[in-house]
Amino acid sequence: MPATRAGRKRFGTAAMGAVVIASLAIALVTAFGQAQTSPTGKSLYTRLGGYDALAAVTDDFIGRLATDPQLSKFFVGHSVDSLHRIRQLLVDQLCAATGGPCYYIGRDMKTVHKGLGITEADWTETVKDLTATLDKFKVPTQERNELFALLTKIKPDIVEKP
């Protein structure tokens, strides 16, 4: 897939943010259960622009997380190959959660986050980074609200400390 290959080239040092982004993707799959559709009948996947758009958003978001002084601590100690796999799992998860043709084969939110000690402040910072990414890609309000509503539902599985 060209989008995957291009995404991997852009990935570079931004790979450190893969854990948090994977967590958000797992959150989306967990919260969605079934893909959301608009009154027009289009899936969130389609309304967000499909696979290439999800891959681009993932790469940008990972880059923000990797350079965020508060969150970079969660992304050290992974090999480049492991980080590429996490990135691909995230893209597949977002694709599946939003009604696309992908399958997610990763673990659940609680398992992925257990023991990381993610705080309320870490959550807030992650949401800020995601907001900046969604702003950059001009994600419409309706789709943005759907994403954030899903994330709010799984927050208790991610945040361990007030």
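Residues numbered from 1 in each chain as written. Predicted model: local features only at pLDDT ≥ 70, side-chain atom pairs only at ≥ 80, totals over all residues. Heavy atoms only, no water.

Draft legend 1. Summary view of the pattern of salt bridges. Under the counting rule described, the total for this entry stands at nine salt bridges. Here R47 and E143 are joined by a salt bridge, their closest N and O atoms 3.1 Å apart. Note that R47 is positioned in helix α3 (residues 44-48) and E143 in helix α8 (residues 141-158), a separation of 96 residues in sequence. When its relative accessible area of 17% is taken as the criterion, R47 is described as buried. If you follow the salt bridges from partner to partner, you end up with R47, E143 and E146 in one network. (Salt bridge = Lys/Arg side-chain N within 4 Å of Asp/Glu carboxyl O. Helix = DSSP H or I, 4+ residues; strand = E, 2+ residues; numbered from the N terminus. Buried < 20%, exposed > 50% of the residue type's maximum accessible area, 1.4 Å probe, protein only.)

Draft legend 2. Expanded view of the environment of P101. Within the secondary structure, P101 is located in the loop between α5 (80-97) and α6 (109-113). Given a relative accessible area of 62%, P101 falls into the exposed group. In the structure, P101 is positioned 51 residues away from G50 in sequence and 9.5 Å away in space, judged by C-alpha atoms. Excluding residues within four positions of it along the chain, P101 makes contact with Y45 and C95. (Contact = heavy atoms within 4.5 Å.)

Draft legend 3. Region of interest: the packing of aromatic side chains. Applying the stated rule across the entire model yields one aromatic pair. Centroid distance F74 to F75: 6.3 Å. Interplanar angle 70 degrees. Geometry classified as edge-to-face. Of the two residues, F74 and F75, neither departs from the other in class, the shared state being buried. (Phe/Tyr/Trp six-rings, centres within 6.5 Å; stacked < 30°, edge-to-face > 60°.)

Draft legend 4. Spatial organisation of α8. Under the 1.5 Å per step criterion, the end-to-end length of α8 is 24 Å for 18 residues, consistent within 8% with the ideal 26 Å. Taking the largest bend as the criterion, α8 deviates by roughly 35 degrees, centred on T152, and proline P156 comes between one and four positions later. Along α8, the residues that are buried comprise E143, R144, E146, L147, F148, L150, L151, I154 and I158. (Expected span 1.5 Å × (residues − 1). Bend = angle between axes of the 7 residues up to and from the residue.)

Draft legend 5. Structural context of α5. The terminal C-alpha atoms of α5, which comprises 18 residues, lie 25 Å apart, in line with the 26 Å expected from a rise of 1.5 Å per residue. Most of α5 sits out of view: 13 of its 18 residues are buried. Among the residues trailing α5, G99 stands out with phi positive, at a value near 100 degrees.

Draft legend 6. Quick look at the confidence of the model for the protein. With 76% of its residues at a pLDDT of 70 or more, the protein shows a mean pLDDT of 80. When mean pLDDT is taken per element in the protein, helix α7 (residues 120-136) scores highest with 97 and helix α1 (residues 2-11) scores lowest with 42. Low confidence marks residues 1-20, where pLDDT is under 50. Its contacts with residues over four positions away, or in another chain, come to 48 contacts. The model gives residues 25-34 a pLDDT under 50, and that stretch makes 29 contacts with residues more than four places away or in other chains. (pLDDT = per-residue confidence, 0-100.)

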